[in-house]
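Descriptive analysis of the structure
The primary structure of each chain is shown beneath.
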Amino acid sequence: KAGVTQTPRYLIKTRGQQVTLSCSPISGHRSVSWYQQTPGQGLQFLFEYFSETQRNKGNFPGRFSGRQFSNSRSEMNVSTLELGDSALYLCASSPGGQGVHNEQFFGPGTRLTVL
Amino acid sequence: AQTVTQSQPEMSVQEAETVTLSCTYDTSESDYYLFWYKQPPSRQMILVIRQEAYKQQNATENRFSVNFQKAAKSFSLKISDSQLGDAAMYFCAYRSARSGGFKTIFGAGTRLFVKA
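Okay, so let's go over this structure. (Residues numbered from 1 in each chain as written. Chains lettered and ligands numbered in written order. Predicted model: local features only at pLDDT ≥ 70, side-chain atom pairs only at ≥ 80, totals over all residues. Heavy atoms only, no water.)

The next point concerns the layout of surface pockets. If a probe as big as a water molecule is rolled over the atoms, it shows which places are left empty. Of the volumes computed, that of the largest pocket is approximately 610 Å³. Grouping the amino acids of the lining of the largest pocket by side-chain chemistry returns 11 nonpolar, 10 polar and 4 charged. Here the second largest pocket is characterised by a volume of approximately 440 Å³. Along the walls of the second largest pocket sit 21 residues, with Asn-59 of chain A together with Gln-2, Lys-103, Thr-104 and Ile-105 of chain B positioned nearest its centre. (1 Å grid on protein atoms, 1.4 Å probe; cavity = no way out; pocket = protein on both sides within 12 Å on 5 of 7 lines; lining within 4 Å. Points joined across faces, edges and corners; volume = space filled by probe spheres on them. Nonpolar A, V, L, I, M, F, W, Y, C, P; charged D, E, K, R; others polar.)

See the structure below:
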């Protein structure tokens, strides 16, 4: 099976712009989670989508939003970019059920730089 | 709110030796899962080992094992016979078993260096 793919891998934007990141989960996986990774704050949970519905949400401002399509692909949008949004954005997919063996598989990430 | 603390920003180990990475967490829940993830330089994060809180027995995966102390809320990772390929950032993580989904809480990470 192909792994989790994220596009684009690298992105440079300027303050005030908006950006859309894409994540394609492993075939058959219904859950997609997004994380922001920065040197200062570490890995922080943004949100999780399951069957096109947001199932969990982290503590990020409303500028961060997401959605999931019927094929489980997910997009994350950040509006009105700020310098502090520069980060590695990781996507993780899983089958979506309960239990410790319902493992998350991570993508390579999208490196966003805001100038 | 749950928190995960890794107090060692960096650790170093000689090849073939054993190293232990520390992790403590705070939660009021009784049912949860704990994980150790590995993130090699410029490579994808992968799961190393997982532990269910209701299981007393410590998890083991080949050279990786954990010391899970539920009362102390401690979850350390032991790497035996360290190899050069073990060099990476290691993240301890917590996930509630009660709520659905994957709101995983990560620690700040420990960077492990392996010396030849």
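Don't stop here, the text continues.
All names here are of chain B. By the definition in use, this model includes 2 disulfides over all chains. Here Cys-23 is linked by a disulfide to Cys-92, with a sulfur-sulfur distance of 2.0 Å. Measuring the twist about the S-S bond at about -70 degrees, one finds the Cys-23-Cys-92 disulfide to be left-handed. Of this pair, Cys-23 sits in the loop between β3 (19-21) and β4 (24-26) while Cys-92 is found in strand β10 (residues 88-96), placing the two residues 69 residues apart along the sequence. Of the two residues, Cys-23 and Cys-92, neither departs from the other in class, the shared state being buried. (Disulfide = S-S within 2.5 Å. Helix = DSSP H or I, 4+ residues; strand = E, 2+ residues; numbered from the N terminus. Buried < 20%, exposed > 50% of the residue type's maximum accessible area, 1.4 Å probe, protein only.)

Before going further, it helps to spend a moment on unusual backbone geometry. Residue Pro-8 of chain A is reached from Thr-7 of chain A by a cis peptide bond, and omega for that bond is -10 degrees. For Pro-8 of chain A, the location among the structural elements is in the loop between β1 (5-7) and β2 (10-13). One non-glycine residue, Glu-52 of chain A, adopts positive backbone phi at about 70 degrees. By secondary structure assignment, the location of Glu-52 of chain A is in the loop between β5 (42-50) and β6 (53-57). According to the relative accessible area criterion, Glu-52 of chain A is partly exposed, its value standing at 46%. Of note in this structure, Lys-73 of chain B is not a glycine but carries a positive phi near 55 degrees. Here Lys-73 of chain B shows up in the loop between β8 (64-69) and β9 (74-79).

Facing the 27 residues of chain A at the interface are 20 residues of chain B. When chain A packs against chain B, close to 1900 Å² is buried across both sides, 53% of that on carbon and sulfur atoms. Applying the counting criterion to the chain A and chain B interface returns 1 salt bridge. For Arg-50 of chain B, the salt bridge is made with Glu-103 of chain A, and the minimal N-O distance between the two is 3.3 Å. Applying the counting rule to chain A against chain B returns 6 residue pairs in polar contact (both at pLDDT 80 or more). For the side of chain A that touches chain B, the secondary-structure elements that each account for two or more residues are β4 (31-38), β5, β6 and β9 (87-94) of chain A. At 4 residues, β4 of chain A tops the list of elements feeding residues into the side of chain A that touches chain B. Partitioning the side of chain A that touches chain B into residue classes produces 9 nonpolar, 14 polar and 4 charged. (Contact = heavy atoms within 4.5 Å. Buried area = accessible area lost by both parts, 1.4 Å probe. Salt bridge = Lys/Arg side-chain N within 4 Å of Asp/Glu carboxyl O. Polar contact = N/O pair within 3.5 Å; in protein donor to acceptor, adjacent residues only side chain to side chain.)

Quick look at the nonpolar core now. Among the nonpolar cores identified, the biggest contains 25 residues, and Tyr-25, Trp-36, Phe-75, Leu-77 and Tyr-90 of chain B are the most heavily contacted of them. Of all the secondary structure elements, the ones that give two or more residues to this core are β3, β5 (32-39), β6 (46-52), β8, β9, β10 and β12 (110-115) of chain B. One finds Leu-11, Phe-47, Ala-87 and Leu-112 of chain A within the second-largest nonpolar core, a separate group that totals 21 residues. (Core = buried A, V, L, I, M, F, W, Y, C linked by side-chain atoms within 4.5 Å.)

This part is about the pattern of salt bridges. All names here are of chain A. As enumerated under the stated definition, the model contains 9 salt bridges over all chains in all. For Arg-67, the salt bridge goes to Glu-75, with nearest N and O atoms at 3.2 Å. Given a relative accessible area of 46%, Arg-67 falls into the partly exposed group. The buried category is assigned to Glu-75, whose relative accessible area is 16%. Two residues, Glu-75 and Arg-73, come together in a salt bridge whose shortest N-O distance is 3.3 Å.

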